[in-house]
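# Summary of the model geometry
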Amino acid sequence: MPSSKSASALKAIAGPKRRSTSVTVHDVARIAGVSAMTVSRAVNTPDGVPEATLAKVQQAIAKTGYVPNLLAGGLRSNKSRLVAALIPTLVGPVFNETVQALTVALSERGYQLMLGQSGYADSREDDLLGAIIGRRPDGIVLTGVSHSAEARRKLLAAGIPVVETWNLTPTPIDMVVGFSHTAVAEAVCRRLHSGGRRRLAVIAADDERAQRRTAAFLAAARSLRLPKPAVYQVAAPAMSDGG
């Protein structure tokens, strides 16, 4: 059993007792001397609140540490101000620019980005989509265009705007912004050929997009009557320091 001295020390480390309930809009209103409706307007439409009143509400918010319940506000307005993006991996630099561009562009329009790491298996994406759709974001950004039948059904039924990226398809779920992996691989092969290279090789990951690039590269090599390129496959995500 700890001594009374050690127990006292443990209490000190634990810090002051926290509230059993969170700070509410009514707490802020009482401290600011305004109505709860005024606090709500100050948070959601500050331009429509008199400057002096807005200052009092902001001071009360700063004093209490109040954070608006965005879920409740979203239910009323049918807007969450969140956009979910699913990317295969957070390891390595491949998707960094995509994440950064989404973060900046959405922030400029009053939205926040929520990230989900889907891996390279359909089952993981399916599980994530179930959790994300249930929270009703204002939009979903997907990496790639290959999804399970279950994922497509969920996304179509949800009615949430969807943007598929990093590939092209004639049958998008909603919208698609990307490029052709087939065309990229063919262009690389032809560029090497035009530079006088004749003994080619491919080092690629084992995910669907990488396999599509590999197949297109081999097809381009055949059309150019080149010897069959050697293919070296590594587990996704492919990293330059992975050996």
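Above this note sits the structure.
The rules we used
Residues numbered from 1 in each chain as written. Predicted model: local features only at pLDDT ≥ 70, side-chain atom pairs only at ≥ 80, totals over all residues. Heavy atoms only, no water. Patch = residues over 30% accessible without salt bridge, like charges linked within 9 Å, V, L, I, M, F, W, Y side chains within 5 Å. Areas by Shrake-Rupley, 256 points an atom, 1.4 Å probe, with all protein chains shown as cover. Salt bridge = Lys/Arg side-chain N within 4 Å of Asp/Glu carboxyl O. Helix = DSSP H or I, 4+ residues; strand = E, 2+ residues; numbered from the N terminus. Buried < 20%, exposed > 50% of the residue type's maximum accessible area, 1.4 Å probe, protein only. Lys, Arg positive; Asp, Glu negative; His and termini not counted. Polar contact = N/O pair within 3.5 Å; in protein donor to acceptor, adjacent residues only side chain to side chain. Contact = heavy atoms within 4.5 Å. Pairing = 2+ DSSP bridges. Axes fitted to C-alpha atoms, helices over the stretch in contact; angles between N-to-C directions. Core = buried A, V, L, I, M, F, W, Y, C linked by side-chain atoms within 4.5 Å. Parallel < 35°, antiparallel > 145°, perpendicular 65-115°, else oblique. Left-handed = near helix turned anticlockwise from the far one by under 90°. Nonpolar A, V, L, I, M, F, W, Y, C, P; charged D, E, K, R; others polar.

What follows deals with a nonpolar patch on the surface. Together, Phe-179, Val-184, Val-188 and Leu-192 make up an exposed nonpolar region whose accessible area comes to about 280 Å². Tracing the backbone through its elements, the reader meets Val-188 in helix H9 (residues 181–194).

A few words on the environment of Thr-38. In this structure, Thr-38 sits in helix H3 (residues 36–44). Sequence separation between Thr-38 and Val-49 is 11 residues, and the spatial gap between their C-alpha atoms is 7.8 Å.

This part covers the side chain of Glu-164. Tracing the backbone through its elements, the reader meets Glu-164 in strand S4 (residues 162–165). Arg-152 is the oppositely charged side chain nearest to the buried, salt-bridge-free Glu-164, at an N-O distance of 4.6 Å. Of the polar contacts made by the side chain of Glu-164, one reaches the backbone nitrogen of Ile-173; its length is 2.8 Å. For Glu-164, the contacting residues outside a window of four places in its chain are Leu-142, Gly-144, Val-145, His-147, Pro-172, Ile-173, Asp-174, Met-175, Val-176 and Val-177.

Taken together, 5 strands build an open sheet; the order of strands is S2-S1-S3-S4-S5 and the sheet is parallel. The strands lining the two open edges of the sheet, one partner per strand, are strand S2 (112–117) and strand S5 (175–177). Strand-to-strand twist in this sheet, taken as the mean axis angle between neighbours without regard to direction, amounts to 20°. Direction of pairing for strand S1 (residues 82–87) relative to S2: parallel, over a ladder of 6 bridges. Directly across from Ile-87, in S2, lies its bridge partner Gln-117.

Counting 13 residues, the largest nonpolar core has Leu-86, Leu-129, Ile-133, Ile-140, Leu-142, Leu-155 and Val-162 as its most contacted members. Of all the elements in the fold, those that place two or more residues in this core are S1, helix H7 (122–134), strand S3 (139–143) and helix H8 (149–158). If you tally residues by element for this core, the top one is H7, at 4 residues. If we skip the residues at most four places from it in the chain, Leu-142 touches Leu-86, Glu-125, Leu-129, His-147, Leu-155, Val-162, Val-163, Glu-164, Thr-165 and Ile-173. Grouped together as the second largest cluster of nonpolar side chains are 12 residues, Val-202, Ala-205, Ala-216 and Ala-220 included.

Another point: the packing of H9 against helix H10 (residues 208–223). Following both chains from N to C, one finds H9 and H10 inclined at 40°, their axes separated by 8 Å at the closest point. When the axes of H9 and H10 are compared, the pair comes out oblique. Read as a crossing pair, H9 and H10 show a hand that is right-handed. Across the interface between the two elements, His-181, Thr-182, Ala-185, Glu-186, Val-188, Cys-189, Arg-190 and Leu-192 of H9 pack against Arg-209, Arg-212, Arg-213, Ala-216, Phe-217, Ala-220, Ala-221 and Ser-223 of H10. Partitioned by chemical class, the residues of the contact of H9 with H10 number 8 nonpolar, 3 polar and 5 charged.

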